[in-house]
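Each chain is listed here by its residues.
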Amino acid sequence: MNHLLYIVWGPSETAFHLGPLAIRWYSLCWLIGLALGYLLMKRLYKEQKIADAKFEPLFIYIFVGVLLGGRLGHCLFYEPEYFLSSFEHFVEMIVPMRHLADGSWKFVGYQGLASHGGVIGMLIGIYLYCRNTGVGGWVVLDNMGICSGITATFIRLGNLMNSEIIGKVTDVPWAFIFERVDQYPRHPGQLYEAIAYACFFLIIYMVYRKKGPETVGSGLYFGLCLTLIFTFRFLIEYTKEIQEAFEAGLPIDMGQILSIPFIAIGLWAMRRSRRVNKVDK
């Protein structure tokens, strides 16, 4: 096999050190994605004349919801046989540590976050936020629909830096050889998703700029975001390796199964937005 034909990929998982603390690329990408989403959401709130005091708590609700939802989603959707097998493993779902064979614990960070679980956690966080602040739920959902694509882009770039969620073996000229995995050229599924999510973000944001802030709250942007992202997620799974062995016996993999409800919700939200806009006219 001529490795010169492909992109050999094996960067360090560590971006830099702060004294004894190693900052991983994955964590850094998450932080960049969340920071950009935060700044854009703040701008949207200002354009829509929503009080600053109601914006400030939103980031905490979203951050905690996405982190806990993504972590629990990975553990329960993809590795339930491990995390539910003992009390120590159950604790690993919550704390960023691994229980070792000698009985000690090692800090490893959160290794495994599922996007579907993250969305569920985000929706729960939004529900609690709206209940406690009085901001309309559809307004928050639409604003999240406008912002989410940019955050999702950087999360998938983090997966690329970690050489995880790899694609199937292929001979396309842009294939990556993930050195930490094996020596086979594979589809860079993480990069496909990152590029797609960046494009979806630009599309949704341009629609928002054209239609204006008064259309936020109809469900259009939330529905468009879910439909675009999870339809693409369903299709891109055909280029990716299964994440867990049990998926080999399924007609479609777990990522596709979990995408279907989100596509349905997205289509329903867009249909709802048409009814709302007709009533407003």
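Residues numbered from 1 in each chain as written. Predicted model: local features only at pLDDT ≥ 70, side-chain atom pairs only at ≥ 80, totals over all residues. Heavy atoms only, no water.

Asker: Where do I start with the overall build of the protein chain in this structure?
Answerer: Counting its regular elements, the protein chain contains 10 helices and seven strands. Rg of the C-alpha trace for the protein chain: 20 Å, near the compact-globule value of 19 Å for 281 residues, within the 12% margin. If you line up the protein chain on its principal axes, its C-alpha atoms span 60 × 45 × 40 Å. In the protein chain, once contacts between residues fewer than 6 apart in sequence are set aside, the share between residues at least 24 apart is 64%. Total accessible area on the protein chain stands at roughly 14300 Å², and carbon and sulfur atoms take up 68% of it. (Helix = DSSP H or I, 4+ residues; strand = E, 2+ residues; numbered from the N terminus. Rg over C-alpha atoms; globule rule 2.2 N^0.38 Å. Contact = heavy atoms within 4.5 Å. Areas by Shrake-Rupley, 256 points an atom, 1.4 Å probe, with all protein chains shown as cover.)

Asker: I'm lost on the sheet that holds strand E1 (residues 7-9) in this one. Help?
Answerer: Strand pairing in a sheet relies on backbone hydrogen bonds, with the paired strands running either antiparallel or parallel. Strand order in the open sheet formed by three strands is E1-E6-E7, with mixed pairing between adjacent strands. Two strands close off the open sheet at either side, each with one partner strand: E1 and strand E7 (185-186). The pairing of E1 with strand E6 (residues 176-178) spans three bridges and is classified as parallel. Residue pairing across strands places Ile7 opposite Phe176, the latter belonging to E6. (Pairing = 2+ DSSP bridges.)

Asker: Explain the UniProt feature "transmembrane region" (unreviewed entry) in the protein chain here, please?
Answerer: The UniProt entry lists residues 23-41, 53-73, 107-128, 135-155, 191-208, 220-236 and 248-269 under the feature "transmembrane region" (unreviewed entry), expressed in the numbering used here. End-to-end, the C-alpha atoms of residues 23-41 are 26 Å apart, and along that stretch the chain is 89% helix and 11% strand. Helix makes up 100% of residues 191-208 and strand makes up 0%, while its end C-alpha atoms are separated by 26 Å. (UniProt positions renumbered as here; feature names shortened; annotations may be inferred.)

Asker: Got a minute to help me understand unusual backbone geometry in this structure?
Answerer: Trans is the common state for peptide bonds, and a negative phi is the common state for residues other than glycine. Not every positive phi belongs to a glycine, and Lys49 is a case in point at roughly 60°. Tracing the backbone through its elements, the reader meets Lys49 in the loop between helix H1 (25-47) and helix H2 (52-55). In the Ramachandran plot, Ser163 falls in the positive-phi region, its phi being about 55° despite a non-glycine side chain. Positionally, Ser163 belongs in the loop between helix H7 (137-161) and E6. Classification of Ser163 by relative accessible area gives buried; the value is 7%. (Buried < 20%, exposed > 50% of the residue type's maximum accessible area, 1.4 Å probe, protein only.)

Asker: What should I look at first to understand the UniProt feature "binding site: a 1,2-diacyl-sn-glycero-3-phospho-(1'-sn-glycerol)" (unreviewed entry) in the protein chain in this one?
Answerer: Look at the UniProt record and you will see "binding site: a 1,2-diacyl-sn-glycero-3-phospho-(1'-sn-glycerol)" (unreviewed entry) annotated at Arg156. Mapped onto the elements, Arg156 comes out in helix H7. The class of Arg156 is buried, set by a relative accessible area of 6%. Those residues within four positions of Arg156 in sequence are excluded, and the remaining contacts are Ser115, Ile165, Gln190, Glu193, Ala194, Tyr197 and Arg233.

Asker: I keep staring at H1 and nothing clicks. Help me out?
Answerer: Residues three or four positions apart in an α-helix share a direction because the helix packs 3.6 residues into each turn. The end-to-end C-alpha separation of H1 is 33 Å, in line with the 33 Å expected for 23 residues at 1.5 Å each. Note on H1: the residue one or two positions beyond its end, Lys49, has a positive phi of about 60°. (Expected span 1.5 Å × (residues − 1).)

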